[in-house]
Amino acid sequence: MAYTGEVQVGGPADVHELTDLMISKVAVGPMNNNAYLLRCRRTGEQLLIDAANESGTLLELIGSDGIASVVTTHRHGDHWQALAPVVEATGARTYAGRFDAEGIPVATDVAVEDGDTVRVGEVGLTARHLVGHTPGSIALVYDDPHGHPHLFTGDCLFPGGVGNTHDDPEAFASLIDDVETKLFAQLPDETWVYPGHGGDTTLGTERPHLQEWRERGW
């Protein structure tokens, strides 16, 4: 079955099989959060993006190989409800953006800066600090040497717009500026986008609407 990124709470994971990396997407919790399990094909090492909810579901997805690390994309509570039990069960090293770490109730082992590399086995992911949805949100970019990039955006970019900035014009301006300069300006249209909730998209699908988003202010 080809990967679509369409998942439902209580349903199976959808698996995107790349040459060097396997990406398993699952939906969890009452806010339909996405969690992503990344597995390096060469080493078998695994990394989880957002232990959002339903620790049992996530631990079943992780399986007996465990995870080396878990990245929390931002401080909002719906993205870390299962973080404590997952870390307790796996001993995973925790990562979060430097300016959001204080808002996450599980200690952050590695405070991530813009441009830092987060590794899973032999695969490197580049962190991009995006300010506006929260002060320290991070996105992760996997620049696949065998194909197009893959981008994990947390709640900063979705199909149809950027993340919620709660009617704060300064926060919105900051977020859309960061999304435009750090993501759209640097990555090609083929870049596959994996958001924190709902279905996937590509930068090419969203790029024609950037000015429309700016004009509407959300």
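The structure under discussion appears in the preceding block.
What you see is a predicted model; the values in this text were computed from it and never measured.

**Q** I would appreciate a short explanation of the overall build of the chain in the present structure.
**A** A tally of helices and strands in the chain yields five helices and 15 strands. For 218 residues, the compact-globule estimate of 2.2 N^0.38 gives 17 Å, and the C-alpha radius of gyration of the chain, at 16 Å, lies within 12% of that figure. C-alpha atoms of the chain, sized along the principal axes, occupy 50 × 35 × 30 Å. Burial status across the chain gives 51% buried among its 218 residues. When contacts within the chain are restricted to residue pairs at least 6 apart in sequence, those whose partners lie at least 24 apart make up 52%. Charged side chains of the chain number 13 positive and 33 negative; the gap between the two group centres comes to 5 Å.

**Q** What is the right way to read the packing of aromatic side chains from this model?
**A** Two descriptors summarise a pair of aromatic rings, namely the distance from one centre to the other and the angle between the planes of the rings. Using the criterion set out here, one finds seven aromatic pairs in the structure. Considering the side-chain rings of tyrosine 36 and tyrosine 194, the 5.6 Å spacing of their centres and the 80 degrees angle between planes classify their relative orientation as edge-to-face. Taken together, the residues tyrosine 36 in strand 3 (residues 33-40) and tyrosine 194 in strand 14 (residues 192-195) connect sequence positions 158 residues apart. Note on accessibility: tyrosine 36 and tyrosine 194 belong to one class, buried. Here the aromatic rings of phenylalanine 184 and tryptophan 213 are separated by 6.5 Å at their centres, their planes lie at 70 degrees, and the arrangement is edge-to-face. With phenylalanine 184 in helix 3 (residues 169-184) and tryptophan 213 in helix 5 (residues 210-216), the pair connects residues that are 29 residues apart, well separated along the chain. Residue phenylalanine 184 shares its accessibility class with tryptophan 213, and that shared class is buried.

**Q** What is the right way to look at the sheet that holds strand 9 (residues 123-130) in this model?
**A** The strands that make up a sheet are held in pairs by hydrogen bonds between backbone atoms, and each pair lies either parallel or antiparallel. Strand order in the open sheet formed by six strands is 8-9-10-11-14-15, and the pairing between neighbours is mixed. What marks the edges here is a single partner per strand, and that holds for strand 8 (117-120) and strand 15 (201-202). Both strand 8 and strand 9 contribute to a ladder of four bridges, which runs antiparallel. Within the sheet, the bridge partner assigned to valine 118 lies in strand 9 and is leucine 125.

**Q** Explain the packing of helix 1 (residues 55-62) against helix 2 (residues 83-90) here, please?
**A** Helix-helix packing is characterised by the crossing angle of the two axes and by the distance between the axes. Contact geometry for helix 1 and helix 2: axes closest at 9 Å, N-to-C directions at 35 degrees. Relative to helix 2, helix 1 is oriented so that their crossing is right-handed. Between helix 1, through Ser55, Leu58, Leu59 and Ile62, and helix 2, the contact on the second element is made entirely by Pro85, Val86, Ala89 and Thr90.

**Q** Where do I start with the pairing of strand 2 (residues 21-28) in this structure?
**A** The side chains of a regular strand alternate between the sheet's two faces. With seven of eight residues buried, strand 2 lies mostly within the body of the structure. Bridging between strand 2 and strand 3 involves eight bridges; their strand directions are antiparallel. The residue bridging isoleucine 23 from the neighbouring strand is leucine 38, located in strand 3. The hairpin turn running from strand 2 into strand 3, its antiparallel successor, is four residues long, and glycine 29 in that turn takes a positive phi close to 80 degrees.

Cut-offs applied
- Residues numbered from 1 in each chain as written.
- Predicted model: local features only at pLDDT ≥ 70, side-chain atom pairs only at ≥ 80, totals over all residues.
- Heavy atoms only, no water.
- Helix = DSSP H or I, 4+ residues; strand = E, 2+ residues; numbered from the N terminus.
- Rg over C-alpha atoms; globule rule 2.2 N^0.38 Å.
- Buried < 20%, exposed > 50% of the residue type's maximum accessible area, 1.4 Å probe, protein only.
- Contact = heavy atoms within 4.5 Å.
- Lys, Arg positive; Asp, Glu negative; His and termini not counted.
- Charge placed at Lys NZ, Arg CZ, Asp CG, Glu CD.
- Phe/Tyr/Trp six-rings, centres within 6.5 Å; stacked < 30°, edge-to-face > 60°.
- Pairing = 2+ DSSP bridges.
- Axes fitted to C-alpha atoms, helices over the stretch in contact; angles between N-to-C directions.
- Left-handed = near helix turned anticlockwise from the far one by under 90°.

It is worth stressing that arrangement in space is one thing and function is another; only the former is reported here.
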